[in-house]
Amino acid sequence: MKELIDKIIVEQLGHDPQTWPMAQGLYLVGMMLVGVLLTTFGAIFAGLLSWWERRIAARIQSRIGPNRVGPQGVLQFIADALKLILKEDLIPTDSDHILFRIAPYFVMTGFILTFVVLPFGYHLSATSMNVGLFYVVSITALVVVGILISGWASNSKWALFGGIRAAAQVVSYEIPAGMVILVPIIMAGSLNMHDIIRAQGGAPWDWFMFQTPWAYASFFIMFTALLAEGNRTPFDLPEAESEIVAGYNTEYSGMRFGYYFLAEWGNLWVMSAVLTTLFLGGWQVPFVSMAKLTAWEATGHVPLWYYLASAAVFTLKVLVLVNIIVWIRWTFPRIRVDQMMNLCWKYLVPIGMGLVVLAAVTELLSYQLFGEAAKGQAKVGSIRDTLHFAFFLVAGLVPFAAFALKTRRNIYIVGDRVDLSNW
Amino acid sequence: MALDQLVMTKFGETAGEEMILNMGPQHPSTHGVINFVVHADGEVMKKAVPQVGYLHRAIEKIGEIVTYPGFMPYTDRIDYLAAMFANEGYALAVEKLLGLTVPPRAQYLRAISCELNRIASHLISLGSMAMDIGAVTPFPYALRERESINDLLEALCGARLTYNFHRIGGVGFDMPDDWMPLCRKWLDHFDRILDEWDRLISFNEIFVERLAGLAVIPLEMAINYGLVGPNLRASGIEFDLRKAHPYGAYPDFDFKIPFGKAYAGAYRGGVVGDCFDRFYVRVLECRESVSIVRQALDKFPPGEFMAPKVPRKIKPEAGEAQSRIEAARGEMAYYVVSDGGERAYRVRARTGSFLAMGIIEELSKGLMIADLVALIASLDVVAPEIDR
């Protein structure tokens, strides 16, 4: 961001940003602009997703879903937000008023601040922080602070259960998540989100996920851990309706209640963007190799379509993941508290630990075998590239094809058909 | 703390480290207005004491105030999810008092309507159980099929929930001419839906893991607590009133009695009489009910749908009669005493849900709160049937 403003100051205004006194003011304006832009993006995405998820859930459950407000009900989230804003902001008499009021802001802050480093496309992010991933992992921990505060401050037993469950769950699952994050970091040799993406490639077999079995397993552990951190089914214990009413937000109403849901739905973007960055090649456009991109960068002129294409590719990958998460939510039952803890501490943590070691060893061997070529994208035709392609076929395409065939059979066996005419 | 002290003094408990939690009467998964006083230490319960009576409407007393046929609509309200059975039980008891013989066509219509209603009731039970475990999607699937049953029953008797179809001496209406093909078509469709149900939820890994080996009721305990119906059969006994004490048209049909066999599988910790058995026995019962309805449609006899000599004013001789039927929630028994007048001297209904409530306190020791929800759902209790 700073570079962009510097560039504007030099080229458009003809000043030197180091000495020009107005530069600081311009930085401030730029920061606020980006802040408003990202917050708005987060809010609108969460709102649209609330509508989209309800429509998807309705399709899964053979219902229709919200389709009244605006075309296909797409403006439903505005109506909902309006309703929530107009509702009384009820604060229980016996609650801890101050904590009760500030808890939603912790949740919102933890959610919005992650957008500071999240990439949206080639060179499209608020900052390109060199400890980007570390920042994401630490800032998302704020969400659980808010949830814990709300559970405690509500002075309701159900809310307390929800808050404690959330604390136990999120803190536990940070550990396997933090562990398997190391796998792509080892492979890329960087914590910077953009550098991690640049170490991958456009084609699926150039993604980290399909480069080694360890990264492949890491993807699923990371996915599970992120589901748990985002309180999504099958880990929606903190807000398990059938057990503890509404969990930590039982006592909330009005827009404070809305904030929790805003953050929850918005977190789907954050989760998916992190997964896309780490394992699915980020904004890398297929058929444009890193060599070509580096050549463009050397001339100082990257074509505009590349910016747009990279943003489109990234958004597409994120949306596919978001839809998978939504799909999982409306398919699976919820696991129990002790099972949730077992899964984390008995399975994910040891496996994650092993994967980190294996990934490190593999990377070391690969460096010994291929030398500098092991860094970044492999040359087409090399043994390493062929291995990646073979692994992609076995681990990616074959399960996908088997799953698609099975689904097709399940649909036709009950006399159903794929029909979107009444969408 | 005020609430805790109130609850403690009310139920004479001593204060300790445990947390007392009032689950219900307004709670998403207590299946109606039931209250559970949960004594919990963290997530683990020391016990959960059910408090019943929030939905008591004195239906049995109403039976002493209204005439014999006039009580029939009230029986619908005893169990609104399986109203046919409540109708049938009462009709059977009064018919015994009067010494009436019901024509075979009426008996077949009773069997068909009851078995369809059993499927509808089990669908709600299975769907809400899945929802209590956290899977929301199976519930609308179950409701969708139940809607079709409601359509069929509406075509048969004009009502979708409180049928008032069975009458003293027969049934209210004959089967409509075009009803049989409709019913057959739906039965063929429902076979596939049950397979889909098994794929969707019954053998979902998380679902089975949640229920396997949970809240096991050994057979002896089930008998001691007087459990009935699917809850009893899940503990591993083949006892079904339709076979043990056949009534109506049931001797004509060939069907199996599903009972608990640790369906979850031993490697998952499945034990005979666990929550998964209670769930899966109901799925299997739906399959048997489909087969019974098919057989009834095949053998559907001609004739009258109402006994010819039912008096306009029903005034049984002084005496008493009892009827037992296999309802969706287990044995439902009616005991009717007549003093020779137009109104019953005493009507008593014995229902399955009430018996199932008794065992919860014993079973809930050491369970987690999430498991209590699964336990309540697996016993398939319905608030109006508990309290009447």
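Being a predicted model, the structure only gives us computed values, none of them experimental.

A. Region of the structure containing the sheet that holds strand 3 (residues 44-51) of chain B. All names here are of chain B. Pairing in this open sheet of three strands is antiparallel, and the strands run 1-2-3 from one edge to the other. Two strands bound the open sheet, and with one partner strand each, they are strand 1 (19-23) and strand 3. Across this sheet, the average inter-strand angle for adjacent strands is 20°, counted without regard to direction. Across seven bridges, strand 2 (residues 35-41) lies against strand 3 in antiparallel orientation.

B. Highlighting the interface of chain A and chain B. Facing 26 residues of chain A, the contacting portion of chain B comprises 29 residues. Put simply, the parts of the chain that give the side of chain A that touches chain B at least two residues each are helix 10 (241-244), helix 14 (337-370) and helix 15 (383-413) of chain A. Sorting elements by how many residues they give to the side of chain A that touches chain B places helix 10 of chain A first, with three residues. Classifying every residue of the side of chain A that touches chain B by side-chain character gives 11 nonpolar, eight polar and seven charged.

C. Spotlight on helix 5 (residues 132-139) of chain A. All names here are of chain A. Taken residue by residue, helix 5 has Gly132, Leu133 and Val136 as its buried positions. On an axial view of helix 5, the arc spanned by its buried residues comes to 100°, and they lie on one face. Here the buried face of helix 5 lies against helix 7 (157-188), helix 8 (193-198) and helix 11 (254-279).

D. Seen up close, the confidence of the model for chain B. Residues and elements named next belong to chain B. In this model, chain B carries an average pLDDT of 86, and 96% of its residues clear a pLDDT of 70 or more. In the model of chain B, helix 1 (residues 2-11) stands out as the element of lowest mean pLDDT, 50, in contrast to helix 12 (residues 275-298), which has the highest, 91. Model confidence for the complex: the whole-complex pTM is 0.85, and ipTM, which rates the interface, is 0.81.

E. Geometry of the packing of helix 5 (residues 104-133) of chain B against helix 6 (residues 138-157) of chain B. Residue and element names in this part refer to chain B. Between helix 5 and helix 6, the least distance of the axes is 8 Å, while the angle of their chain directions is 160°. Between helix 5 and helix 6, the angle falls in the class roughly antiparallel. In the crossing of helix 5 with helix 6, the sense of the turn from one axis to the other is left-handed. Of the residues in helix 6, those in contact with Ser113, Leu116, Asn117, Ile119, Ala120, Leu123, Ile124, Leu126, Gly127, Ser128, Ala130 and Met131 of helix 5 are Pro138, Phe139, Ala142, Leu143, Glu145, Arg146, Ile149, Asn150, Leu152, Leu153 and Leu156. Along the lines of polarity and charge, the residues of the contact of helix 5 with helix 6 split into 16 nonpolar, five polar and two charged.

F. How the structure looks around helix 7 (residues 179-202) of chain B. Taken together, the buried positions of helix 7 of chain B are occupied by Cys183, Phe190, Ile193, Trp197 and Ile201 of chain B. Residues of helix 7 of chain B that are buried sit in contact with helix 5, helix 6, helix 8 (205-211) and helix 12 of chain B.

What counts, and at which threshold
Residues numbered from 1 in each chain as written. Chains lettered and ligands numbered in written order. Predicted model: local features only at pLDDT ≥ 70, side-chain atom pairs only at ≥ 80, totals over all residues. Pairing = 2+ DSSP bridges. Helix = DSSP H or I, 4+ residues; strand = E, 2+ residues; numbered from the N terminus. Axes fitted to C-alpha atoms, helices over the stretch in contact; angles between N-to-C directions. Contact = placed C-beta atoms within 7 Å. Nonpolar A, V, L, I, M, F, W, Y, C, P; charged D, E, K, R; others polar. Buried ≥ 20, exposed ≤ 12 C-beta atoms within 10 Å, placed from the backbone. Arc of directions from axis to C-beta. pLDDT = per-residue confidence, 0-100. Parallel < 35°, antiparallel > 145°, perpendicular 65-115°, else oblique. Left-handed = near helix turned anticlockwise from the far one by under 90°.

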